[in-house]
Amino acid sequence: MRACRDLFTDSFRTAGATPGYARQLLRSRELYRHLKSAGLTGVRRRTVLIEHHAPLPDAAREFYAIACAQLARQALDLGLSAEWQRFADPAGPRHPLDDADACISEDNVLAVGTE
């Protein structure tokens, strides 16, 4: 699954070079600094890790398959690796999320501050 991880990393780095969703995702680690520089006090940040390992629960499999298909379309439109084709069809045979070693890992960042 390392190859899949590299696909996602490369895709976000490439897409993050221009305005849009990927750039917004890449900014999450900067939220703390932006809030402080805006003059907010009591700034704090919390990161929550979300992981799913094979076999993925049905709801997680459905959600991430759709998300992966959207990312695949974007990556293919950017001319990135043809390996993204494996993610393009959420119900496709031999989808990487159905692999015995499949793992989804993401983090969500919440940053808050007061005036």
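Note that this is a predicted model, so its numbers are computed, not measured.

Re unusual backbone geometry
Move 1: In this chain, Ala54 is followed by Pro55 through a cis amide linkage whose omega measures -10 degrees.
Move 2: Structurally, Pro55 can be placed in the loop between strand S1 (41–53) and helix H4 (58–77).

Some remarks on the side chain of Ser11
Move 1: With respect to the helices, strands and loops of the structure, Ser11 is situated in helix H1 (residues 2–15).
Move 2: Those residues in contact with Ser11 that lie beyond four places of it in its chain are Ala75, Leu80 and Trp84.

A look at the nonpolar core
Note on soluble globular proteins: their nonpolar side chains tend to be buried together.
Move 1: Formed by 15 residues in total, the largest nonpolar core has its most connected members in Leu56, Tyr64, Trp84, Phe87, Leu97 and Ile104.
Move 2: Of all the secondary structure elements, the ones that give two or more residues to this core are H1 and H4.
Move 3: It is H4 that contributes the most residues to this core, 7 residues altogether.
Move 4: With sequence-adjacent residues up to four places away left out, Tyr64 is seen in contact with Ile50, His52, Leu97, Ile104 and Glu106.

Notes on the pattern of salt bridges
Move 1: A full pass over the atoms with the stated rule returns 3 salt bridges.
Move 2: Residues Arg33 and Glu30 are paired through a salt bridge, measuring 3.6 Å at the closest nitrogen-oxygen approach.
Move 3: Glu30 sits in the partly exposed class, given a relative accessible area of 32%.
Move 4: Arg61 serves as the salt-bridge partner of Asp98, at 2.7 Å between the closest nitrogen and oxygen.

Brief notes about the environment of Ala67
Move 1: Here Ala67 is to be found in helix H4.
Move 2: Taking relative accessible area as the criterion, Ala67 reaches 23% and is therefore assigned partly exposed.

Digging into H4
Move 1: End to end, H4 covers 29 Å across 20 residues, agreeing with the expected 28 Å (1.5 Å per residue, within 8%).
Move 2: Along H4, the positions that sit buried rather than exposed are Ala60, Arg61, Tyr64, Ala65, Cys68, Ala69, Leu71, Ala72 and Ala75.
Move 3: One or two residues past the end of H4 sits Gly79, with phi positive at roughly 80 degrees.

A short note on the packing of aromatic side chains
Move 1: In total, this model carries 2 aromatic pairs according to the counting rule given.
Move 2: Relative to Phe87, the ring of Trp84 lies with its centre 5.4 Å away and its plane at 50 degrees, an arrangement referred to as tilted. The pair Trp84 / Phe87 is uniform in exposure class, with both members buried.

Describing the side chain of His95
Move 1: Inspection of the secondary structure assignment puts His95 in the loop between helix H5 (85–88) and strand S2 (103–114).
Move 2: For His95, a relative accessible area of 2% corresponds to the buried category.
Move 3: Those residues in contact with His95 that lie beyond four places of it in its chain are Arg61, Ala65, Arg86, Phe87, Asp89 and Pro90.

Cut-offs applied
- Per chain, residue numbering runs from 1 following the sequence as it is written.
- Confidence filtering applies because this is a predicted model: local features only for residues at pLDDT of at least 70, side-chain atom pairs given and counted only at 80 or more, and all residues used for totals across whole chains, interfaces and linings.
- Side-chain figures throughout are based on the complete set of non-hydrogen atoms in the structure, without hydrogens or water.
- Think of it this way: any DSSP run of H or I at least four residues long counts as a helix, any run of E at least two long counts as a strand, and we number them from the N terminus.
- Working rule for contacts: check all heavy atoms of both residues, and any pair within 4.5 Å makes them a contact.
- Throughout, nonpolar core names a set of buried Ala, Val, Leu, Ile, Met, Phe, Trp, Tyr and Cys residues whose side chains join them through atoms within 4.5 Å.
- Three labels apply to residues, based on accessible area from a 1.4 Å probe with only protein chains included: buried if under 20% of the type maximum, exposed if over 50%, partly exposed otherwise in between.
- Take a side-chain nitrogen of Lys or Arg and a carboxyl oxygen of Asp or Glu: if they are within 4 Å of each other, that pair is a salt bridge.
- A helix is expected to span 1.5 Å for every residue after the first.
- The pairing test for Phe, Tyr and Trp rings, Trp by its six-membered ring, is centres within 6.5 Å, and the orientation test on the planes gives stacked under 30 degrees, edge-to-face over 60, and tilted for anything in between.

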